[in-house]
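Structural overview for review
Listed below are the residues making up each chain.
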Amino acid sequence: MALRLVADFDLQRDVLPGLLAQRAAPAVAGAPGGGADILENYDSLRVLNFERNGNIIYTYKDDKGSVFFGLYDCQTRQNEHLYTFETDLQVISCSINSERTLLAVSLVQTTKEGRRNELQPGSKCLTLLVEIHPINNVKVLKAVDSNIWVQFLYPRVESHPLSENHLLLISEEKYIEQFHIQVIQEDGNKVVIKNSGHLPRDRVAEDFVWAQWDMLEQRLYYIDLKKSRSILKCIQFNADESFTLMFAAPLDISLNDSGFKLVNFGCDYLQDQEELSKHLSLCVFTNKTGSLCVCYSPKFDSWEQITYSVFYFHKGHSKTFTAALGSGDSHVTKGVTFLNLDYFVAVYLPGHFFHLLNIQHPDLICHSLFLTGKNEMIDMLPHSPLQSLSGSLVLDWSSGKLYRALLNQSYLLQFLWNTPLDCERMAVLHCVLSCSRESRFLEAQIIQWISENISACRSFDLIQEFIIASSYWSIYPETSNIDKLLPYSSVHTWNTEIPGITLVTEEIALPLMKVHRFKGYWEKLNYNLEYVKYTKPHFHYNNSVIRREWNNLISEEKTGKRRSAAYVRNILDNAIKVISNLEARSFEPSLTPLFQEEDNPQRLLIGLMVSELRDHLLRHLQGVEKKKIEQMVLDYISKQLDLICCILEASWRKHNLHPWVLHFDRHGSGAEFSVFHLMTRILEATHSLFLPLPPGFHTLHTVLGVHCLPLHNLLHYIDNGVLLLTETAVTRLMKDLDNTERNEKLKFSIIVRLPPLIGQKISRLWDHPMSSSIISQNHVKQLLQNYKKQPRNSMIDKSSFSVEFLPLNYFIDILTDIESSNQALYAFEGHDNVDAKFVGEAALKHTTMLLGL
């Protein structure tokens, strides 16, 4: 299944064996009774609460109805007995302070025939505060007819015992109070409540209809109704024992007839489990990147479809989804479950559908995975009600198991191979990449899948999407704001329907922040809100901004004109840093013959990208060190080059190619053609994004093209810019191939397509009349480029070249004059023996060839 649930805690595994072992043990004062009295009814064993430090409180009854409270320490994996009520009571809620000296319990009293109500006659619900270090006094905090829930606050720093504890009381009468409880030590280690007769309290909230507790971050979310309008508010409990109202946000949902509901205040056993589908589902999820999501599903009004909404406050919009449930006789007996999975939220209806929502990038539906009941994984998920806690923890409270929910990477990879839908391929690809940042194995598996399915996707380019998404996730943990500055996907619009689901997107009002100074999560959330409010258009980096500058540099290189040497050297130094960074990250030697030449065009593109991306991040990443940003830039560009190398390396190994493919004097094989096709697809993918390629890529691509393509196809690829002629490739071609008729035609076709400067260098390597003709033409072109007719100097010696063809004699004399008067200016670089006589001889040879003489 797409989710992997790892059991961190199991009542039957971690608690029950220890309790059963006590049966044979003799009774100990202050501990559960021995013998057969304990835990006769196994069904009474259940979880009550999960505290911020990970400790778990549970309860059970013996055959006499006595209620026992125990604690499971997640660090030591040991159980500890806390307290026993020798009265038959129904436990609503329980919490323990961080020092384990105070126990708060909320109980419903039951009266049985022949048993007197011993604790508080005339009251339905009791809220008690018990001193348990050692077991001592019991104080009644509340004795009312409405239910009460309790929750101790946990400080951020637990290095020393606290003199004051803080306890939240949540009343069914729709108010929340905070009790301040001072403790003192007596008689050594005995901890008692100071001034227990009068405990100060604050009213935290009132007139609310829904509340949720975030145990990890110590936050209280609640909704109150103002003129029938739902307002979501959040209170942050601070380390200095104060609390702050952080924001208020309007919610476009109706809660008028929803009753009263609490989320994550312990385990709610008062609800009828079979009636869950008749109640709304509502929860708030956040993560460390500053996201704020409210997930909402109203009461069911149809057995044919279900509607649920997600309010992405950090993005400024909401999405309302309508999912088909299939046949009308497929009744829904469970409620919709929302699970927090860090960068994703899972929406899960047992037996019907599973929707994995991308909360970091929710704009396009194709980045979220939707699976219907027809998919086998739906039936593999638990059908019992699940409760999402903080930090990707999930409680199956019917079985007493606490899971850590993770994306199932092996299942997602298998699903990637099998699914025929582009939307599912896109979503699963991003899911796997989000959890494979440190896994070369998963990356290799994706590359293998891409190689086998390179033409399978019609809606998007697989290679583009892989390069963009993988390089994004490789540096995303460095800073949460990077998602606004770097592209997440190569796809910007998606108009294809997703089978089984429809959606409506609406803009929503942003939360109104109630404070003006932020840190931690709140600073990131405020940044996200400010970004939504003021940023139009978005800041995503696009490498095409350097296209013009790169073209100018390449043009200057072809013509031999260069601007400031320091400027170009700085760009090339940037490229050296990237390549060095890439080499440092390589785990094994590469088989592909890349990075074996200078390849100035690609190095200039890499260097320019470093400069532009660094400036882009420095402009928008406030408060991040320059050195860290520079390293992020190197890592990001190195990753893109590394991904291209890995794709090519995988194909190279698969087809068992060897370095001698770089020689031209051989014919291409089917394996070489497969690699050539893959390289062409890589080139197409990177060209539209204007991404750099590893130096040597074009040389290798050209060599394979010469091996695999007929001459007319080869020239067509060259003329259309698919194959780029590098000096290294053409030099090797001139040296490796002999002067057969076919090779002469190939060489001449290549030389005439080269830029002038490179063409002059290459022509010298080919000892052939055609080469001499090309050299002569270039020489004459240079001489006559700025020629102005002037009176001839009769004192200049006539050329020793003389044939009985007067026009040629006259032309050679003119060239000799120009050479003599402008020798320094028109000297042919590196070819001092090219002169008018050489030109004349080459002209005669070329004419002889053309006439067939």
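Scoring rules and cut-offs
Residues numbered from 1 in each chain as written. Predicted model: local features only at pLDDT ≥ 70, side-chain atom pairs only at ≥ 80, totals over all residues. Heavy atoms only, no water. Helix = DSSP H or I, 4+ residues; strand = E, 2+ residues; numbered from the N terminus. Buried < 20%, exposed > 50% of the residue type's maximum accessible area, 1.4 Å probe, protein only. Contact = heavy atoms within 4.5 Å. Pairing = 2+ DSSP bridges. Salt bridge = Lys/Arg side-chain N within 4 Å of Asp/Glu carboxyl O. Axes fitted to C-alpha atoms, helices over the stretch in contact; angles between N-to-C directions. Parallel < 35°, antiparallel > 145°, perpendicular 65-115°, else oblique. Left-handed = near helix turned anticlockwise from the far one by under 90°. Expected span 1.5 Å × (residues − 1). Arc of directions from axis to C-beta. Phe/Tyr/Trp six-rings, centres within 6.5 Å; stacked < 30°, edge-to-face > 60°.

Residue position: Gln 178 is located in strand β12 (residues 175-186). With a relative accessible area of 1%, Gln 178 lands in the buried category. Non-local contacts of Gln 178, meaning those with residues more than four positions away in its chain, are made with Leu 153, His 166, Leu 167, Leu 168, Pro 200, Arg 201, Asp 202, Val 204, Phe 237, Glu 241 and Phe 243.

Let us look at the pairing of strand β24 (residues 337-341). With five of its five residues buried, β24 lies for the most part within the structure. Of the two faces of β24, the one carrying Thr 337, Leu 339 and Leu 341 and the one carrying Phe 338 and Asn 340 are both buried. As paired elements, β24 and strand β25 (residues 344-349) share five bridges and run antiparallel to each other. Bridging from a neighbouring strand, Asn 340 pairs with Val 345 of β25.

Applying the stated criterion to the full structure yields 23 salt bridges. In this structure, Glu 177 and Arg 201 form a salt bridge, with 3.6 Å as the shortest nitrogen-oxygen distance. Here Glu 177, found in strand β12, pairs with Arg 201, found in strand β14 (residues 201-206); they are 24 residues apart in sequence, far enough to count as distant. Among the ionic pairs, Arg 603 bridges to Glu 598, the shortest N-O distance being 3.8 Å. Connected through shared salt-bridge partners, Lys 142, Glu 177, Arg 201, Arg 203 and Glu 206 make up one network.

Right, let's get into the sheet that holds strand β6 (residues 89-96). Judged by pairing direction, the sheet is antiparallel, and its four strands sit side by side in the order β6-β7-β8-β9 without closing on themselves. Here the strands that pair on one side only, and so sit at the sheet edges, are β6 and β9 (135-144). Taken pair by pair, the neighbouring strands of this sheet meet at an average axis angle of 20 degrees, ignoring direction. Where strand β7 (residues 102-109) lies against strand β8 (residues 125-132), seven bridges are found, and the strand directions are antiparallel. Residue pairing for β8: Ser 106 is matched across the bridge by Thr 127.

Our next topic: the packing of helix α8 (residues 565-585) against helix α10 (residues 626-654). At a closest axis distance of 9 Å, the pairing of α8 and α10 adopts a crossing angle of 70 degrees. Classified by the interaxial angle, the pair formed by α8 and α10 is roughly perpendicular. Crossing hand, α8 versus α10: right-handed. Judged by residue contacts, Lys 577, Val 578, Asn 581, Leu 582 and Arg 585 of α8 engage Gln 631, Leu 634, Asp 635, Ile 637, Ser 638, Lys 639, Leu 641 and Asp 642 from α10.

Over its 21 residues, α8 runs 31 Å from end to end, which matches the ideal 30 Å to within 8%, given 1.5 Å per residue. The complete set of buried residues in α8 reads Val 568, Ile 571, Asn 574, Ala 575, Val 578, Ile 579, Asn 581 and Leu 582. On an axial view of α8, the arc spanned by its buried residues comes to 160 degrees, and they lie on one face. Exposed side of α8, more than 90 degrees from the buried face: Ala 565, Glu 583 and Ala 584 are the residues found there.

With that settled, consider the packing of aromatic side chains. Inspection of every chain in the model, using the stated rule, returns 29 aromatic pairs. Pairing Tyr 343 with Tyr 476 gives two aromatic rings, centres 5.4 Å apart and planes at 75 degrees, and the pair type is edge-to-face. Pair noted here: Tyr 343 is in the loop between β24 and β25 and Tyr 476 is in the loop between α5 (462-475) and β31 (501-507), with a separation of 133 residues, a long-range link. Accessibility classification places Tyr 343 together with Tyr 476 in one group, the buried group. Measuring from centroid to centroid gives 5.7 Å for Tyr 531 and Phe 539, while their planes differ by 70 degrees, and the two rings are edge-to-face. Assessed through its relative accessible area of 10%, Tyr 531 is described here as buried. Ring-pair connections join several aromatic residues into one group, and the members of that group are Tyr 343, Tyr 472, Trp 473, Tyr 476 and Tyr 488.

Attention now moves to unusual backbone geometry. With an omega of -5 degrees, the peptide bond between His 133 and Pro 134 qualifies as cis. Here Pro 134 is to be found in the loop between β8 and β9. Of note, Asn 656 is a non-glycine position whose phi angle comes to about 55 degrees, a positive value. Residue position: Asn 656 is located in the loop between α10 and α11 (670-689).

Below, the discussion takes up the pairing of strand β20 (residues 281-286). Counted residue by residue, β20 has six buried out of six residues, so it is predominantly covered. Burial along β20 is two-sided: the face carrying Ser 281, Cys 283 and Phe 285 and the face carrying Leu 282, Val 284 and Thr 286 are both buried. The pairing of β20 with strand β21 (residues 292-297) spans six bridges and is antiparallel. By the bridge assignment, Phe 285 is partnered in β21 with Cys 293.

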